[in-house]
Every structure is written in structure tokens, then in C-alpha cells.
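# Overview (structure and organization)
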Amino acid sequence: MIIKRIEDCGEKQKIARRILEALPAWFGIDEARETYIKESADQLFLAALDGNQATGFLCLKETGKDTLELSVMGVLKEYHRRGIGKQLFLNAKKLAMEKGYAFLQVKTVQTGRCEEYDNTNRFYRSLGFQEFEVFPTLWGEGNPCQIYIMPLRQIPICRGIKIR
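Residues numbered from 1 in each chain as written. Predicted model: local features only at pLDDT ≥ 70, side-chain atom pairs only at ≥ 80, totals over all residues. Heavy atoms only, no water.

## With respect to the packing of aromatic side chains
The tally for this structure, following the rule as stated, stands at 6 aromatic pairs. Arranged with centres 5.6 Å apart and planes meeting at 55°, the rings of phenylalanine 123 and tyrosine 124 form a pair that is tilted. With relative accessibility at 24%, the residue phenylalanine 123 sits in the partly exposed group. Ring pairing ties together the aromatic residues Phe89, Phe123, Tyr124, Phe129 and Tyr148, which thus form one cluster. (Phe/Tyr/Trp six-rings, centres within 6.5 Å; stacked < 30°, edge-to-face > 60°. Buried < 20%, exposed > 50% of the residue type's maximum accessible area, 1.4 Å probe, protein only.)

Here it is, written out as C-alpha cells:
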């Protein structure tokens, strides 16, 4: 398995479509899936390749001058639990650090709403992400959005400030 950065917009969308359409438990809402596919063309895109076949991918987008978001990630179900998602993430984290970003963030459905997403939450926490905030209605009443963050570097602390 190799991790490769993909530059061609058409290839990005082709990989994203094939993998996301194969994962209806996570990407079954047509409108959301099509948005992920469309936006993948303009994002930093890493693919996991088994020979010439993409088995997973990850996209990063800038959400602030210091922050990248893991905007979408998918690994074909038959390749789950083989370390592919972790390798995609470690390569993405390295790129983010090389580019000088201070934070990574990721959004998912809050724990306790769906077994598949509970597994996703455990995966992100195992990578070192920490719970940041829940937006109960961002994605609709039944899908509370959990945001996780991860610092990528030491942030200087101001000395001499008194908190009352």
C-alpha cells in the first residue's frame, strides 16, 4: 500500500466518487456526497493505492490561516482495519505541519447517534483528536455535528496575564 498525493482534478473526483458511493452507511445522502466529490477537486488530496487501485482517500481544506480541516475521508469497507486510514491521516498531518498550520479539525456525527459514526469517533480519538464542540443543528436535528481538533505545534502562552 502506498500513499500518493493526487493533483489532477478529474482523477480526484473519480477516486472520491468510486469510494464514497461504495460507503452508503456514511455517505448515503446524495446531496452531501456530491458536494464532497465536487469540492475534492480543489483540495489537497491523498489516495491510498493498492497497485493502481485506490482503496481510500483523504481531503484537506483550509478553514483559517492556521487551520486545515480533514473535510472528507473514505476507505473501502473491505480494506477497513488494515491501517489505511491511519496512514492517510499521518501523511496528511505531516503535510499540514510542513505547510506551517497550527491545527487540524474534523467534523463527524456526535457519538451515540449511529454505530458506524461511533466507530468513526473512536478512530479520530485514537489518532489524537480531542473533542472541541458540538453543534446540535448544523446538519439537522437528527445529526448533531461533533468537531474535533488537534494542535500541530506548541502555541505560545502569554505570561503575566492575571485571570480574576
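Now that the structure has been shown, we can carry on.
## Description of the layout of surface pockets
Estimates place the volume of the largest pocket at around 1400 Å³. In terms of lining, the largest pocket is formed by 49 residues, of which the most central are Trp26, Met73, Tyr117, Thr120 and Tyr124. Contributions of two or more residues to the lining of the largest pocket are made by helix 2 (24–27), helix 3 (30–40), strand 4 (67–75), helix 4 (84–98), strand 5 (103–109) and helix 5 (115–127). Among the elements that take part in the lining of the largest pocket, helix 5 stands out by supplying 8 residues, more than any other. As a volume, the second largest pocket reaches approximately 190 Å³. In terms of lining, the second largest pocket is formed by Lys4, Ile6, Glu11, Lys14, Ile15, Arg18, Leu49, Gly51, Asn52, Gln53 and Ala54. For the lining of the second largest pocket, the leading source of residues is helix 1 (residues 9–21), giving 4 residues. (1 Å grid on protein atoms, 1.4 Å probe; cavity = no way out; pocket = protein on both sides within 12 Å on 5 of 7 lines; lining within 4 Å. Points joined across faces, edges and corners; volume = space filled by probe spheres on them. Helix = DSSP H or I, 4+ residues; strand = E, 2+ residues; numbered from the N terminus.)

## A few points about the pairing of strand 4
With 9 of 9 residues buried, strand 4 lies mostly within the body of the structure. Pairing analysis gives 8 bridges linking strand 3 (residues 53–64) to strand 4, with the strands arranged antiparallel. Looking at strand 4, one finds that phenylalanine 57 is bridged to glycine 74. Remark: 2 residues form the turn of the hairpin made by strand 3 and strand 4, two consecutive strands paired antiparallel. When strand 4 meets strand 5, the two strands line up parallel, connected through 4 bridges. Bridged to leucine 70 within strand 5 is valine 106. You can see the chain leave strand 4, run along helix 4 and come back into strand 5, and the turn it takes is right-handed. (Pairing = 2+ DSSP bridges. Right-handed = clockwise from strand over helix to strand, strands pointing away.)

## A closer look at a nonpolar patch on the surface
Together, Phe135, Leu138 and Trp139 give the surface a local cluster of nonpolar side chains, amounting to about 280 Å² of exposed area. With respect to the element layout, leucine 138 can be found in the loop between strand 6 (130–135) and strand 7 (145–151). Residue leucine 138 is classed as partly exposed on the basis of its relative accessible area of 49%. (Patch = residues over 30% accessible without salt bridge, like charges linked within 9 Å, V, L, I, M, F, W, Y side chains within 5 Å. Areas by Shrake-Rupley, 256 points an atom, 1.4 Å probe, with all protein chains shown as cover. Salt bridge = Lys/Arg side-chain N within 4 Å of Asp/Glu carboxyl O.)

Function cannot be inferred from these measures alone, as they are strictly geometric.
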